[in-house]
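As a plain string of letters, each chain reads:
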Amino acid sequence: MSDQTRMCGTTVIAVKRDGRIVMAGDGQVTLGETVMKHNAKKIRKLYSDKVLCGFAGSAGDSFALLARFDAKLEEFRGNLPRAAVELAKEWRTDKSLRRLEALIVAADKDNILLVSGSGDVVEPDDDVIGIGSGGPYALSAAKALMSHTNLNAREIAEASIKIAASLCIYTNENITIDEL
């Protein structure tokens, strides 16, 4: 896939604070240097609305992974860490899945995890994680807000995405926010 046809962008941030998990994602979808959509929904609730999942990368690849991840959650009765590890193993070893270009961030009431196609399952040390082209901007903003304010998880996630949107050309302010 050339850089001209690759889906770029996205910002998703997950924040855990005071027993609440909040995930926020921007709505912009780009193809090369063209904005194709302004209000995409990049966050979904899975497993009877007990797991929040956000994705970055190619839309088709992301939806394929979400379907597999949902099946893993069902298989392991909502055990998020186990489902994430099993998805990462399958993603890494399956020839058709190996080509998928996406990242997933998943959260339940106890965990926030990043799952990648290279076999990574990462739990952040500080209850916040960002993915996508604007992920580092949102992550930096969220970490600062976590350390230096009393804002709640929703306020931190929303402010972080807005800061990322002001810096990253692949991130917009059409924000979807969901929480557990």
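Bear in mind that the values here come from a model prediction, so they are computed numbers and not experimental data. (Residues numbered from 1 in each chain as written. Predicted model: local features only at pLDDT ≥ 70, side-chain atom pairs only at ≥ 80, totals over all residues. Heavy atoms only, no water.)

1. Describing the nonpolar core
- Ranked by size, the top nonpolar core spans 23 residues in total, and within it Val51, Leu65, Phe69 and Leu73 carry the most contacts.
- Secondary structure elements with two or more residues in this core: β7 (51-57), α1 (59-75), α2 (80-93), β8 (102-107) and β9 (112-116).
- Among residues more than four places away in sequence, those in contact with Leu65 are Leu87, Trp91, Leu97, Leu100, Ala102 and Ile104.
- Membership of the second largest hydrophobic core comes to 15 residues, among which are Leu145, Ala157, Ile161 and Ala164. (Core = buried A, V, L, I, M, F, W, Y, C linked by side-chain atoms within 4.5 Å. Buried < 20%, exposed > 50% of the residue type's maximum accessible area, 1.4 Å probe, protein only. Helix = DSSP H or I, 4+ residues; strand = E, 2+ residues; numbered from the N terminus. Contact = heavy atoms within 4.5 Å.)

2. A few points about a nonpolar patch on the surface
- On the surface, a nonpolar cluster with roughly 270 Å² of combined accessible area is contributed by Tyr137, Ile163 and Leu167.
- Note on Tyr137: relative accessible area 36%, which makes it partly exposed. (Patch = residues over 30% accessible without salt bridge, like charges linked within 9 Å, V, L, I, M, F, W, Y side chains within 5 Å. Areas by Shrake-Rupley, 256 points an atom, 1.4 Å probe, with all protein chains shown as cover. Salt bridge = Lys/Arg side-chain N within 4 Å of Asp/Glu carboxyl O.)

3. A short note on the sheet that holds strand β6 (residues 43-46)
- Here 5 strands make up an open sheet; going across it, the order is β6-β7-β8-β9-β10 and the pairing antiparallel. What marks the edges here is a single partner per strand, and that holds for β6 and β10 (121-122).
- Bridge count for β8 against β9 is 5 bridges, and the pairing is antiparallel. Note that in β9 the partner of Ala107 across the bridge is Ile112.
- α1 rests against β6, β7 and β8 of the sheet, and its axis sits at about 155° to β7.
- Contacts between α2 and the sheet are confined to β7, β8, β9 and β10, with β9 contributing the most and set at about 10° to the helix. (Pairing = 2+ DSSP bridges. Axes fitted to C-alpha atoms, helices over the stretch in contact; angles between N-to-C directions.)

4. Details of α2
- With 14 residues, α2 should reach 20 Å at 1.5 Å per residue; the first-to-last C-alpha distance of 20 Å fits that figure.
- Among all positions in α2, only Leu80, Ala83, Ala84, Glu86, Leu87, Ala88 and Trp91 are buried.
- Those residues of α2 that are buried lie in contact with β7, α1, β8, β9 and β10.
- Where α2 starts, the residue carrying a side-chain oxygen 3.1 Å from the main-chain nitrogen of Arg82 turns out to be Asn79. (Expected span 1.5 Å × (residues − 1). Polar contact = N/O pair within 3.5 Å; in protein donor to acceptor, adjacent residues only side chain to side chain.)

5. A short note on the packing of α1 against α2
- α2 packs onto α1 with a crossing angle of 135° between their chain directions and a minimal axis gap of 9 Å. The angle between the axes of α1 and α2 places the two elements in the oblique class. For the pair α1 and α2, the crossing hand works out as right-handed. Along its contact with α1, which presents Leu65, Arg68, Phe69, Lys72 and Leu73, the element α2 presents Leu80, Ala83, Ala84, Glu86, Leu87, Glu90 and Trp91.
- By residue class, the composition of the contact of α1 with α2 is 8 nonpolar, no polar and 4 charged. (Parallel < 35°, antiparallel > 145°, perpendicular 65-115°, else oblique. Left-handed = near helix turned anticlockwise from the far one by under 90°. Nonpolar A, V, L, I, M, F, W, Y, C, P; charged D, E, K, R; others polar.)

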